[in-house]
Amino acid sequence: MPATQMHELLKHELGDLLYAEQLILKMLGTLDREVSNPELNKRVQEHAGETEEQIERLRRAFEAIGEKAKAEKCDAAVGLKAEHDSYKKEEKPSKPLLEAFDLGNALRVEHYEIAGYRSAIAVAQVLGHKEVVSLLTESLREEEAMAAFVERNSVKALKLLAEQMEPRDIEFTPETGRPRGPGASKSGGSAAKSSGSKTGERASASKSGGAKSGGAKSGGASKSGGARSSSSRTTAESSSGDGRTGGASKSGGSKSGGAGAKKASSSRGKSSGGSRANA
């Protein structure tokens, strides 16, 4: 028979919520087994207890409107469970990734329940069922608190889960956005190569600098020393009147040349002195 009365709508809303809560209670049991975060796990267990109380309130709400409690299939709740089950079966996620998915799925469930309770409360208010409004409002507050808990802790929980994931499960870190896994290794290798190249360049520059500074200084010192030595000998030879030895002092062995010139000069002096004595 077609539904034509607001009372029938409220009965449908209560039956829809009753079916949803009974199914969600089973989903919370699955979530409890899949969750590893102690804080979240504890809150899921607490909410499972709240859900049992919500089911009892719905039965009392049926009594308040003079109807027998009867669950009516809730396609939305069925769909939320099917989404979880199909993702787990088809995607075959790692345990941390499945737990990350569960956070989003749990939040969807809570928001659906919030919408369902608000809708039923509005109909009960129109019909003047104050007891029903009071019962459903109490359950609504619990659903809102659970949704707020998931929203408040989801980022922190996801960060912890990201640290447990394999490289194939996560491409970027939550804080920096830099790639992780194989991509990070390649980047690190490039950085190492670049560092090695720079180190090689510095070593090469060091060698080149050593050759230049060492060679230039020693070469310059030899030339300077040679020049000073040559200048001294030229001055000495000029005063002795022997011009030939000054031209020979361009080579590196000018010291021996200068010594030979001095001996030759001494021999000539002795020879000249002997000739004079004989005369």
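Bringing unusual backbone geometry into the picture now. Phi is positive for Lys 92, which is not a glycine, with a value near 50 degrees. Tracing the backbone through its elements, the reader meets Lys 92 in the loop between helix H3 (75-91) and helix H4 (95-127). Residue Lys 92 is classed as exposed on the basis of its relative accessible area of 63%.

Now for the confidence of the model for the protein chain. When pLDDT drops low, the exact placement of atoms in the prediction is not to be read closely. Per-residue pLDDT for the protein chain has a mean of 74; in total, 58% of the residues score no lower than 70. Note on residues 181-201: pLDDT is under 50 here. Beyond four places in sequence and across chains, it has 3 contacts. Note on residues 203-279: pLDDT is under 50 here. Beyond four places in sequence and across chains, it has 21 contacts.

On the surface, a cluster of nonpolar side chains totalling about 330 Å² of accessible area is made up of Met 6, Leu 9, Val 126 and Leu 127. Elements with a contribution of two residues or more to the nonpolar patch: helix H1 (6-34) and H4. You can see Leu 127 is positioned in helix H4. Its relative accessible area of 32% is what places Leu 127 among the partly exposed residues.

Attention now goes to the side chain of Glu 113. Looking at where Glu 113 falls in the secondary structure, it is placed in helix H4. Buried within the structure, Glu 113 lacks any salt-bridge partner; its nearest side chain of opposite charge belongs to Arg 57, at an N-O separation of 10 Å. Filtering out sequence-adjacent residues up to four positions away, Glu 113 remains in contact with Glu 21, Ile 24, His 47, Gln 54 and Glu 143.

Turning next to the nonpolar core. Counting residues in each nonpolar core, the largest one holds 23 residues, and the members touching the most others are Ile 24, Met 27, Leu 28, Leu 31, Leu 40 and Val 44. Secondary-structure elements contributing two or more residues to this core are H1, helix H2 (38-64), H3, H4 and helix H5 (130-164). A total of 6 residues in this core trace back to one element, the largest contributor, which is H1. Residues in contact with Ile 24, not counting those within four places in the same chain, are Val 109 and Glu 113. If you look at the next biggest cluster of nonpolar residues, it comprises 21 residues, including Leu 14, Tyr 117, Val 132 and Ala 147.

Along the chain, the position of Val 123 falls in helix H4. Owing to a relative accessible area of 9%, Val 123 belongs among the buried residues under this scheme. Between the alpha carbons of Val 123 and Leu 10 there is a distance of 6.1 Å; along the sequence they are 113 residues apart. Not counting the four nearest positions on each side in its chain, Val 123 is found in contact with Met 6, Leu 9 and Leu 10.

Applying the stated rule across the entire model yields 1 aromatic pair. An angle of 10 degrees between the planes, with centres 4.2 Å apart, marks the rings of Tyr 87 and Phe 101 as stacked. Of this pair, Tyr 87 sits in helix H3 while Phe 101 sits in helix H4, placing them 14 residues apart in sequence. Given the relative accessible area of 16%, Phe 101 is considered buried.

What counts and how
Residues numbered from 1 in each chain as written. Predicted model: local features only at pLDDT ≥ 70, side-chain atom pairs only at ≥ 80, totals over all residues. Heavy atoms only, no water. Helix = DSSP H or I, 4+ residues; strand = E, 2+ residues; numbered from the N terminus. Buried < 20%, exposed > 50% of the residue type's maximum accessible area, 1.4 Å probe, protein only. pLDDT = per-residue confidence, 0-100. Contact = heavy atoms within 4.5 Å. Patch = residues over 30% accessible without salt bridge, like charges linked within 9 Å, V, L, I, M, F, W, Y side chains within 5 Å. Areas by Shrake-Rupley, 256 points an atom, 1.4 Å probe, with all protein chains shown as cover. Salt bridge = Lys/Arg side-chain N within 4 Å of Asp/Glu carboxyl O. Lys, Arg positive; Asp, Glu negative; His and termini not counted. Core = buried A, V, L, I, M, F, W, Y, C linked by side-chain atoms within 4.5 Å. Phe/Tyr/Trp six-rings, centres within 6.5 Å; stacked < 30°, edge-to-face > 60°.

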